[in-house]
Amino acid sequence: MKSPLIWGVNARPTVWLRWVLLALPFVLLIAVYLYASDIRLTDNPADKLLPSFSQMADAVKTMAFTEDKRTGSYLLWSDTYASLKRILIGTLLAALVGLWLGLNNGLFPGMDATGNPFITFISMIPPLAILPILFISFGVDELAKVMLIFLGVFPLISRDMRLAVKQIPHEQITKAATLGISQLQLAYRIILPQIMPRLIETVRLSLGSAWLFLIAAEAIAADQGLGYRIFLVRRYLAMDIILPYVLWITFLGFMMDWFLRWALSYFYPWYNKGGKND
Amino acid sequence: MTDDKQRYLEIHDVYKAYGSKVILDNIDLKVDKGEFCSLVGPSGCGKSTLLRLILGEESPTSGKLILDGETIGHPDVNRGVIFQRYSLFPHLSVMENVTLGLRLGGRTDAKSLSDKDIRDEAMVLLKKVRLDKHENKYPHQLSGGMQQRVAIAQALIMKPKILMMDEPFGALDPDTREDMQLSLLELWEEEQMTIFFITHDMEEAAFLGTRLLALSQYYTDDRGRNYENRGSKIAVDRKLPQVASPTNVKHSPEFRDLIEEIREQAFNPEYLQHAKEFNLSHPNAFVSLTQEEAGIKR
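Definitions and limits used
- Residues numbered from 1 in each chain as written.
- Chains lettered and ligands numbered in written order.
- Predicted model: local features only at pLDDT ≥ 70, side-chain atom pairs only at ≥ 80, totals over all residues.
- Heavy atoms only, no water.
- Helix = DSSP H or I, 4+ residues; strand = E, 2+ residues; numbered from the N terminus.
- Domains from an automatic or database assignment.
- Contact = heavy atoms within 4.5 Å.
- Buried area = accessible area lost by both parts, 1.4 Å probe.
- Salt bridge = Lys/Arg side-chain N within 4 Å of Asp/Glu carboxyl O.
- Polar contact = N/O pair within 3.5 Å; in protein donor to acceptor, adjacent residues only side chain to side chain.
- Nonpolar A, V, L, I, M, F, W, Y, C, P; charged D, E, K, R; others polar.
- Expected span 1.5 Å × (residues − 1).
- Bend = angle between axes of the 7 residues up to and from the residue.
- Axes fitted to C-alpha atoms, helices over the stretch in contact; angles between N-to-C directions.
- Parallel < 35°, antiparallel > 145°, perpendicular 65-115°, else oblique.
- Left-handed = near helix turned anticlockwise from the far one by under 90°.
- Buried < 20%, exposed > 50% of the residue type's maximum accessible area, 1.4 Å probe, protein only.
- Phe/Tyr/Trp six-rings, centres within 6.5 Å; stacked < 30°, edge-to-face > 60°.
- Core = buried A, V, L, I, M, F, W, Y, C linked by side-chain atoms within 4.5 Å.
- Patch = residues over 30% accessible without salt bridge, like charges linked within 9 Å, V, L, I, M, F, W, Y side chains within 5 Å.
- Areas by Shrake-Rupley, 256 points an atom, 1.4 Å probe, with all protein chains shown as cover.

A. Summary view of the environment of Lys137(B). Position of Lys137(B) among the secondary structure elements: in the loop between α3 (115-128) and α4 (144-156). For the pair formed by Lys137(B) and Arg52(B), sequence separation is 85 residues and the distance between their alpha carbons is 30 Å.

Given below as structure tokens:
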């Protein structure tokens, strides 16, 4: 019996073919870009819309490895530091608060009666709509930006953690009671460790919106940060800076995702193995 | 009959209804210490509901449940339980699962035990269930039968007054299942436990245990044939041979006859026995039919 290489549900691509398939869209994208850029630059060497790779490399050299005359810092790195600090603090806070609320709402019906409707209500508020309120109440410094990320991300984490608790079979809660476990022990020694892996997965999925809120906040009021820089140089149509910055943000996001995936499989090897023998 | 004598587990006139639908209809039961009761019944008869009542996960609509002189409340250390699945905590190793009840202080004497005492005690049990070589594995690394053996050790370490088992071998293949039945009988003889074992497999029920109970919704009584809202009653309550026998007893004619009889009395929707004619031959069996059920005119 021979399996087809690419087409159909029975396809079994070989290892090298998998690599080719993986590279294909990237190669196509780069090729189309280079072609279009070349056409525009031959037409008008001063064109700024689709810079060549060497122009972008020059821009990266200026941004990352040349001291900025005005501030005396290396802009790419100071922007990265500022942005990472905001997104990490905001997401971490959201993860902690979301975990705690979700754990309690999911496990204790009394808390759920208050907590769940209120958090559902909060989660329906579009975070960007209250951005002006945040700037007015928390000032244009770091706090407002962190708060936007926090408010944008924690309702989803909290609701997902609640569902994760609800998915734990009720048998386990009864079982714990027959072992004489107290309610606090149940919450923090039985339920909490079991929803930690789900927290990691939820944070992974929330990072996309966290970046969105970060860039939005930085675009409106900041003096450094990756989003701030992109919106600043947009005024000069500096695509040779914007494109590398976007790639850099994508790379940072990818690394965070990769790290969380690694942590999940390293710390929680039993996760998603329920009922299966391997 | 020794009705007035206090028994270990007592169930008096218990009804359980969900909305207007009656599931358990005036259940009476007394169980002695050390008894191994198997409970069978057709699907939907309320076996698991009865287990949840004894466990304290739910409370009866009316009636009383008493264990060792105390009215039954929410689940606690007095009652151990083994479910068909999910009895183990997936984030803990075999050893951690078994020692959990002692480490978190559920057993009254556990506070005085050192870490080593606890491990030693768990090791003794793990040896009994033949899992001492697997103490550091996680549940997902064990087969279904091994997981259930860990669950047994995890429950036994608490020394519960009664061990409730809800189709514990239902998800196992036939060979493993037979093997588990034999180990359970051995453990029961060694540890002198009181066991309440629920299954839908009649062969398993008749093979295990000292007492066979069948719960059935297929019966009639003096409330009349057209009475709609009838819940399940205990339709069979009889003694089983006391000794753990080798599995080949399952092929003997007496064993087959017993199974046929119970199948007819409890599982056949066409065969409606009158509540007064149930086979309640066990010495501890007792029923108190209501006046309507027994046809006594007021």
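From this point, the narrative continues.
B. Seen up close, the domain arrangement of chain B. Residues and elements named next belong to chain B. Split into domains, chain B comes out as domain 1 (9-78 + 160-294) and domain 2 (91-159). Computed over C-alpha atoms, the centres of domain 1 and domain 2 are 29 Å apart. Listed as interface residues are 16 residues of domain 1 and, on the opposing side, 13 residues of domain 2. For the pair domain 1 and domain 2, the two sides together bury roughly 1200 Å², of which 71% comes from carbon and sulfur. Three residues stand out in domain 1 for area buried against domain 2, namely Pro 160, Met 180 and Leu 187, and they jointly supply 38% of the buried area on that side. Taken together, the connections running from domain 1 to domain 2 amount to three salt bridges. Between Asp 179 and Arg 130 there is a salt bridge, and its shortest N-O distance comes to 3.2 Å. Here domain 1 and domain 2 share three residue pairs in polar contact (both at pLDDT 80 or more) between them. Partitioning the side of domain 1 that touches domain 2 into residue classes produces 10 nonpolar, two polar and four charged.

C. Up close: helix α1 (residues 15-43) of chain A. Residue and element names in this part refer to chain A. The terminal C-alpha atoms of α1, which comprises 29 residues, lie 42 Å apart, in line with the 42 Å expected from a rise of 1.5 Å per residue. Where α1 bends most, the angle comes to about 35°, and this point is Leu 24, followed within four residues by the proline Pro 25. Elements in contact with the buried residues of α1: α2 (53-65) and α10 (239-267).

D. Seen up close, the packing of helix α3 (residues 75-107) of chain A against helix α4 (residues 109-124) of chain A. Residues and elements named next belong to chain A. Closest axis-to-axis distance for the α3/α4 pair is 6 Å, and the angle between their directions is 125°. On the basis of the axis angle, α3 is oblique to α4. Between α3 and α4 lies a crossing of left-handed hand. Touching Leu 101, Asn 104, Asn 105 and Leu 107 of α3 are Pro 109, Met 111, Asp 112, Gly 115, Asn 116 and Ile 119, all from α4. Split by residue class, the contact of α3 with α4 holds five nonpolar, four polar and one charged.

E. Highlighting the pattern of salt bridges. Under the definition given, this model contains 28 salt bridges over all chains. In this structure, Arg40(A) and Asp47(A) form a salt bridge, with 3.1 Å as the shortest nitrogen-oxygen distance. Residue classification places Arg40(A) among the partly exposed residues on the basis of a relative accessible area of 35%. On the basis of relative accessible area, Asp47(A) is assigned to the buried category, the value being 11%. The residue Arg263(B) makes a salt bridge to Glu260(B) at a minimum N-O spacing of 3.5 Å. Within this pair, Arg263(B) and its partner Glu260(B) are both found in helix α7 (residues 253-267), separated by three residues, close to a single helical turn. With a relative accessible area of 46%, Glu260(B) lands in the partly exposed category. What you see here is one network of salt bridges that share partners, running through Arg86(A), Glu142(A) and Glu218(A).

F. Structural detail: the packing of aromatic side chains. Applying the stated rule across the entire model yields 15 aromatic pairs over all chains. Here the aromatic rings of Trp270(A) and Tyr271(A) are separated by 6.5 Å at their centres, their planes lie at 80°, and the arrangement is edge-to-face. The same class applies to Trp270(A) and to Tyr271(A), which are both buried. Centre to centre, the rings of Phe36(B) and Trp188(B) are 5.7 Å apart; their planes meet at 65°, and the pair counts as edge-to-face. Of this pair, Phe36(B) sits in strand β3 (residues 36-40) while Trp188(B) sits in helix α5 (residues 174-191), placing them 152 residues apart in sequence. For the pair shown, Phe36(B) and Trp188(B) are each scored as buried.

G. Region of interest: unusual backbone geometry. Here Leu237(A), not a glycine, exhibits a phi torsion of approximately 55°, which is positive. Structurally, the position occupied by Leu237(A) is in the loop between α9 (226-233) and α10. Owing to a relative accessible area of 46%, Leu237(A) belongs among the partly exposed residues under this scheme. The phi angle at Glu167(B) is positive, at roughly 45°, despite the residue not being glycine. Looking at the element boundaries, Glu167(B) is found in the loop between β7 (162-166) and α5.

H. Broad picture of the nonpolar core. Core analysis: the biggest nonpolar cluster contains 118 residues, and Ile191(A), Ile195(A), Trp211(A), Leu184(B), Ile195(B) and Ile262(B) have the highest contact counts within it. Here this core takes 15 residues from helix α8 (residues 183-220) of chain A, the largest share from any one element. Once you skip the residues sitting within four places of it in the chain, Leu184(B) turns out to touch Phe36(B), Ile152(B), Met165(B), Phe169(B), Ile195(B), Phe197(B) and Leu208(B). Residues Ile54(B), Leu55(B), Leu65(B) and Val81(B) belong to the second largest nonpolar core, which totals 29 residues.

I. Seen up close, the side chain of Asn105(A). All names here are of chain A. Checked against the element boundaries, Asn 105 lands in helix α3. On the accessibility criterion, Asn 105 (4% relative accessible area) is buried. When near neighbours in sequence (up to four residues on either side) are disregarded, Asn 105 contacts Met 111, Asp 112, Gly 115, Asn 116, Ile 119 and Arg 162.

J. Looking closely at a nonpolar patch on the surface. On the surface, a cluster of nonpolar side chains totalling about 890 Å² of accessible area is made up of Phe251(A), Phe254(A), Met255(A), Trp258(A), Phe259(A), Trp262(A), Tyr266(A) and Phe267(A). Note that Tyr266(A) resides in helix α10.

K. Inspection of the interface of chain A and chain B at higher detail. With 24 residues of chain A at the contact, the number on the chain B side is 33 residues. Across the chain A/chain B interface, buried area totals approximately 2300 Å², and carbon plus sulfur atoms make up 64% of it. Put simply, chain A and chain B have zero salt bridges between them. Remark: the boundary between chain A and chain B carries five residue pairs in polar contact (both at pLDDT 80 or more). Breaking the side of chain A that touches chain B down by element, the ones donating at least two residues are α7 (170-178) and α8 of chain A. Looking at the side of chain A that touches chain B, the element that brings in the most residues is α7(A), giving eight residues.

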